[in-house]
Amino acid sequence: MPEISVFTVLVLTAFNLFTVSLALPLLMGRQVSRAGRLAQWSLLSQMAGWVCIIASGFWIGHWLDWALSTASMVFASLTPWLLFGALEQWLGPRPGKRLLLALVVLMPLGYTLLFPHYSPRVGWANFLLAAQLLVVARAALWPERPARKHWRWLLAGCHCVGAGFTFARGVMGAFFPELYPSFQTAHPVNVGAQVSANVILVLVTVSVLVAWRDEAEAQLRTLARTDGLTGVLNHRAWHEQAATAVAHARRHHQPLTVMLLDLDHFKKINDRQGHEVGDRALRLFAQALREEVREGDLAGRLGGEEFAVLLRDTSLNAVHTLDQRLRNRVLPEALPSLGFGLPFSAGATELQSGDDQIDMLLKRADQAMYTAKANGRAQMVLG
């Protein structure tokens, strides 16, 4: 059986990385998210590392060997760091970020300082790179944000396999240099590592594409639930979630309050200042509302200049505090931004024993809000 040329496998890996690096941007399109972009850069960095290590083989003992080999280690360290960044975008904060950053800096630094000494530099580089891969594997599985698990397990498995082969090469280079005198040595472990690199490339690319698809689907779900102008829940999403909250509060005998808010004289803003200014006013008010309510409460835009808030575990006494915070915030923000104040009328009501639908609370809150308007506006009335 003919001996497998490691150099041929190296070139094939670099070519496959080049092909995937070109294909991913075409598949993902120009409007790709930051996570998708980081994943693309990770593959580009990996390709650059392979190209540098192949090129370094033509200048053994030359200063170009040192420069290209060190560059390959820099790109090899950047590859897991960039993918870690993509995982943070997809799944939320990941454990091991500081450790990974330290490894990213120390691995190429130690490699270039130890370059004249083959065994220490090979052991150092491979051991630290294996540790980086394990950090990424752990980050892929850490249960922070709900997400489908299949691509995460695949990504973690690929990095564990890669870490195993990398660690084995480190052991050979550090303690058995006669078995692994160069990166192109046709040792079974090295050949297995190079062949597995091509398989891992395919599986990691599949994982990235599935993660990107999940992200796109989540964005579509968010768009379907969110008011496009203000960023708060739209009428349908707010009503559905509010109905669920009312049922939960009734079942567990918990207090719940619904509050309706309507910007006063909003039609005059559109007529006198233009719809663009009116849209800015709506966005300003919605942002203040979104940031002032607690996590778990529901803020939504029911239509036009009317907004709704559902406050969990809250009685009418606490609504006064929210109403006052909003008024104290909106006025000083609106004057310099819009050139005029942004008063609003509000009506609030709490869940009562006979309320079995959200519409019953909305009706009382609506009546209270119109009472506030009839009494001179820019105030809140409890219904």
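Preceding block: the structure.
Residues numbered from 1 in each chain as written. Predicted model: local features only at pLDDT ≥ 70, side-chain atom pairs only at ≥ 80, totals over all residues. Heavy atoms only, no water.

**What to know about the packing of helix α8 (residues 235-252) against helix α12 (residues 358-374)**
Then step 1. At a minimum axis separation of 9 Å, α8 and α12 run at an interaxial angle of 105°. Between α8 and α12, the angle falls in the class roughly perpendicular. Only I358, D359 and L362 of α12 make contact with α8, whose side of the interface consists of W238, H239, A242, A243 and V246.
Then step 2. Here the residues of the contact of α8 with α12 are counted per class, giving 6 nonpolar, 1 polar and 1 charged. (Axes fitted to C-alpha atoms, helices over the stretch in contact; angles between N-to-C directions. Helix = DSSP H or I, 4+ residues; strand = E, 2+ residues; numbered from the N terminus. Parallel < 35°, antiparallel > 145°, perpendicular 65-115°, else oblique. Contact = heavy atoms within 4.5 Å. Nonpolar A, V, L, I, M, F, W, Y, C, P; charged D, E, K, R; others polar.)

**As for the nonpolar core**
Then step 1. Formed by 51 residues in total, the largest nonpolar core has its most connected members in W50, L87, W90, M107, W151, L155 and V208.
Then step 2. When residues of this core are traced back to their parent elements, those giving at least two are α1 (6-28), α2 (34-56), α3 (63-91), α4 (97-113), α5 (118-141), α6 (150-175) and α7 (188-225).
Then step 3. At 9 residues, α3 tops the list of elements feeding residues into this core.
Then step 4. Among residues more than four places away in sequence, those in contact with M107 are M73, A76, S77, W124, A125, L128, L129 and Q132.
Then step 5. Residues A281, A299, V319 and A334 belong to the second largest nonpolar core, which totals 32 residues. (Core = buried A, V, L, I, M, F, W, Y, C linked by side-chain atoms within 4.5 Å. Buried < 20%, exposed > 50% of the residue type's maximum accessible area, 1.4 Å probe, protein only.)

**Focus on the packing of α6 against α7**
Then step 1. The N-to-C vectors of α6 and α7 enclose an angle of 155°; their axes lie 9 Å apart at closest approach. Regarding the angle of α6 to α7, the classification is roughly antiparallel. Relative to α7, α6 is oriented so that their crossing is left-handed.
Then step 2. Of the residues contributing to the contact of α6 with α7, the split by class is 16 nonpolar, 8 polar and 3 charged. (Left-handed = near helix turned anticlockwise from the far one by under 90°.)

**Observations regarding the packing of aromatic side chains**
Then step 1. One pass over the full model with this rule turns up 6 aromatic pairs.
Then step 2. With 5.1 Å between their ring centres and 40° between their planes, F127 and F167 make a pair best called tilted. Of this pair, F127 sits in helix α5 while F167 sits in helix α6, and the two are 40 residues apart along the sequence.
Then step 3. A relative accessible area of 47% places F167 in the partly exposed class.
Then step 4. Centre to centre, the rings of F285 and F307 are 5.2 Å apart; their planes meet at 55°, and the pair counts as tilted. Here F307 lies in strand β3 (residues 306-312) and F285 lies in helix α10 (residues 275-292), a separation of 22 residues in the sequence. (Phe/Tyr/Trp six-rings, centres within 6.5 Å; stacked < 30°, edge-to-face > 60°.)

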